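Letter by letter, the chains look like this.
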Amino acid sequence: MNLFRLERVLSNQAIFSGPLKRDEMESGFPSRRLRRLRMSPMLREMICETRLSCSNLIYPLFVCPGNGIRHEVPSMPGIFNLSVDKLVEECREVLDLGIQAVILFGIPEKKDDQASEAWSEDGIVQGALLALKEKLGGQLVLVADTCLCGYMDHGHCGIIDSRGKLENDPTAELLARTAVSQARAGADIIAPSDMMDGRIGIIRRRLDENGLIDIPIMSYAAKFSSAFYGPFREAAQSKPKSGDRRTHQLDPANRREALEEARLDVEEGADILMVKPAMAYLDIIADFRKNFALPIAAYHVSGEYSMIQAAAAKGWIDGESVMMEATLGIRRAGADLILTYFAKDLARRL
Ligand code: PBG
């Protein structure tokens, strides 16, 4: 070790930030001390790499028939089924908290084998959209979840043929019809959550044919067949009567296939790509971020919310801190937008 280097090591003033040499380590004076920048709250704030803001959040809401209804979902404390009048009140509160976007799910009066209330002009979500547009003007971005499962009497995501098979193409056409009626009723963004092949393309085409060229599509591009949706299916009353969704939703084991889904959605005209669920799929979010220039959304789903709430209620974790950390992690992985049942709680903290 020459004199110059010895002096540098002893005075602990690194000139280069290269790797330490063996003799430097042995001298016991690391020149690289990352803790230096963690020593005060101001320094930590200056080097903070990931920030959360209200504009990153989309709050999911469940609208149901009736009047004056505000019914808490048992497995999702703090989340309610709301009739349109109560939904409007809720959205005013959401706006006051600084949240700019909500996504609407409908619980129809009646279900049938054509999902009529999903695409009918006076469907539950269409009614809610009209009311929100009328009462709140353009202040809140209204996202409509476009799927049929909650509207089908059998609870599957599309049209079932005589052999019990989910028919892709007629389902995609019905989804497009649903999307057009939602956009006509006032939806600002269409969010298809079904995972039929080609549905982004057909929805884009039908929107455009109907003059709805400025309505973006937020595709649930990688939606995994997940047990984390359990509480949602209680909230939206959308549990399939039999079987599961594995013929269309992704296998949780598959990472490359998720990229392929996203690539096709981009080709077909998606404007935003979503990954769902979020916490067990952070690698997928990071992959999307790396591979596509489009905005990326992640859905921190019902089961993820309920687990945190349940553990917090038991006093096993600090719910608020875990909420912040989980959301930050999703954002750090690469999500621009986060759909989360915590949106109101987060907004209060931000
Ligand atoms: C389907 C849909 C589901 C969710 C959003 N849209 C459930 C499903 O595929 O069964 C789940 C969201 C959540 O769990 O919070 N319409």
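Residues numbered from 1 in each chain as written. Predicted model: local features only at pLDDT ≥ 70, side-chain atom pairs only at ≥ 80, totals over all residues. Heavy atoms only, no water.

A. Focus on the nonpolar core. Ranked by size, the top nonpolar core spans 109 residues in total, and within it M218 and F288 carry the most contacts. Not counting chain neighbours up to four residues away, the residues in contact with M218 comprise I58, V143, I189, I190, A191, P192, I272, M274, A297 and L339. (Core = buried A, V, L, I, M, F, W, Y, C linked by side-chain atoms within 4.5 Å. Buried < 20%, exposed > 50% of the residue type's maximum accessible area, 1.4 Å probe, protein only. Contact = heavy atoms within 4.5 Å.)

B. View of the side chain of S219. Take S219: it is sitting in strand β7 (residues 218-223). Take S219: its relative accessible area is 0%, and that puts it in the buried class. Apart from the residues within four sequence positions on either side, S219 is in contact with P192, R199, I200, D265, A270, I272, L273 and M274. (Helix = DSSP H or I, 4+ residues; strand = E, 2+ residues; numbered from the N terminus.)

C. Quick peek at the domain arrangement of the protein. On domain assignment, one finds that the protein holds domain 1 (3-46) and domain 2 (54-349). Centre-to-centre, using C-alpha coordinates, domain 1 lies 49 Å away from domain 2. (Domains from an automatic or database assignment.)

D. Fine view of the packing of aromatic side chains. Taken as a whole and assessed by the stated rule, the structure comprises 10 aromatic pairs. Look at Y299 and Y341: their rings are 6.0 Å apart centre to centre, the planes differ by 45 degrees, and that puts the pair in the tilted class. With Y299 in strand β9 (residues 296-300) and Y341 in the loop between β10 (337-340) and α14 (343-349), this pair connects stretches of sequence that are 42 residues apart. For the pair formed by Y299 and Y341, the shared burial category is buried. With centroids separated by 4.7 Å and ring planes inclined at 55 degrees, the aromatic side chains of Y305 and F342 adopt a geometry described as tilted. With Y305 in helix α12 (residues 302-313) and F342 in the loop between β10 and α14, this pair connects stretches of sequence that are 37 residues apart. Site record: aromatic cluster; members linked through ring pairs are F62, F105, Y220, F232, Y299, Y305, Y341 and F342. (Phe/Tyr/Trp six-rings, centres within 6.5 Å; stacked < 30°, edge-to-face > 60°.)

E. Focus on the pattern of salt bridges. Enumeration according to the criterion identifies 22 salt bridges in this entry. A salt bridge links R206 to E209; its shortest N-O distance comes to 3.0 Å. Of this pair, R206 and E209 both sit in helix α8 (residues 199-209), three residues apart, which is roughly one turn of the helix. Counted as one network, the salt bridges with shared partners bring together R70, E90, E93, K344, D345 and R348. (Salt bridge = Lys/Arg side-chain N within 4 Å of Asp/Glu carboxyl O.)

F. Spatial organisation of the site of the ligand. Around the ligand, the structure places 17 residues, and the nearest of them are K223, R233, K276, S302 and Y341. At a separation of 2.7 Å, an oxygen atom of the ligand approaches a polar side-chain atom of K223. Within the side chain of S302, an N or O atom sits 2.7 Å from an oxygen atom of the ligand. Here the ligand, which alone exposes 400 Å², has 99% of that area covered by the protein. Given that more than half its atoms are within 2 Å of the pocket grid, the ligand belongs to the largest cavity. When the residues that make up the shell around the ligand are grouped by side-chain class, the tally is nine nonpolar, three polar and five charged. (Near = heavy atom within 4 Å. Polar contact = N/O pair within 3.5 Å; in protein donor to acceptor, adjacent residues only side chain to side chain. Areas by Shrake-Rupley, 256 points an atom, 1.4 Å probe, with all protein chains shown as cover. 1 Å grid on protein atoms, 1.4 Å probe; cavity = no way out; pocket = protein on both sides within 12 Å on 5 of 7 lines; lining within 4 Å. Sits in = over half its atoms within 2 Å of the grid points. Nonpolar A, V, L, I, M, F, W, Y, C, P; charged D, E, K, R; others polar.)

G. Quick peek at helix α10 (residues 256-268). The terminal C-alpha atoms of α10 lie 19 Å apart, and with 13 residues this matches the ideal 18 Å at 1.5 Å per residue to within 8%. Along α10, the positions that sit buried rather than exposed are A258, E261, A262 and D265. Summarising the axial view, the buried residues of α10 lie within an arc of 95 degrees, below the 170-degree limit, and thus occupy one face. Turned more than 90 degrees from where α10 packs its buried face, R256 and E267 sit exposed. Tucked into the core, α10 has its buried residues touching α8, β7, β8 (272-276) and α11 (282-291). Once α10 ends, the next one or two residues include G269, with phi positive near 115 degrees. (Expected span 1.5 Å × (residues − 1). Arc of directions from axis to C-beta.)

H. Spotlight on the packing of helix α4 (residues 84-96) against helix α6 (residues 124-136). Between α4 and α6, whose axes approach to 10 Å, the crossing angle comes to 50 degrees. Taken as axis vectors, α4 and α6 run oblique relative to one another. Seen along the crossing, α4 lies across α6 with a hand that is right-handed. Between α4, through V84, L87, V88, C91, R92 and L95, and α6, the contact on the second element is made entirely by A128, A131, L132, K135 and L136. Taken together, the residues of the contact of α4 with α6 break down into nine nonpolar, no polar and two charged. (Axes fitted to C-alpha atoms, helices over the stretch in contact; angles between N-to-C directions. Parallel < 35°, antiparallel > 145°, perpendicular 65-115°, else oblique. Left-handed = near helix turned anticlockwise from the far one by under 90°.)

I. Spotlight on α6. Between its terminal C-alpha atoms α6 stretches 18 Å, which fits the 18 Å expected from 13 residues at 1.5 Å a residue. Within α6 the residues assigned to the buried category are I124, V125, Q126, A128, L129, A131, L132 and L136. If you follow the buried residues of α6, they end up packed against β1 (57-63), α4, β4 (101-106), α5 (116-119), β5 (141-146) and α7 (168-185). Positive phi appears at G137, one or two residues downstream of α6, with a value of about 60 degrees.

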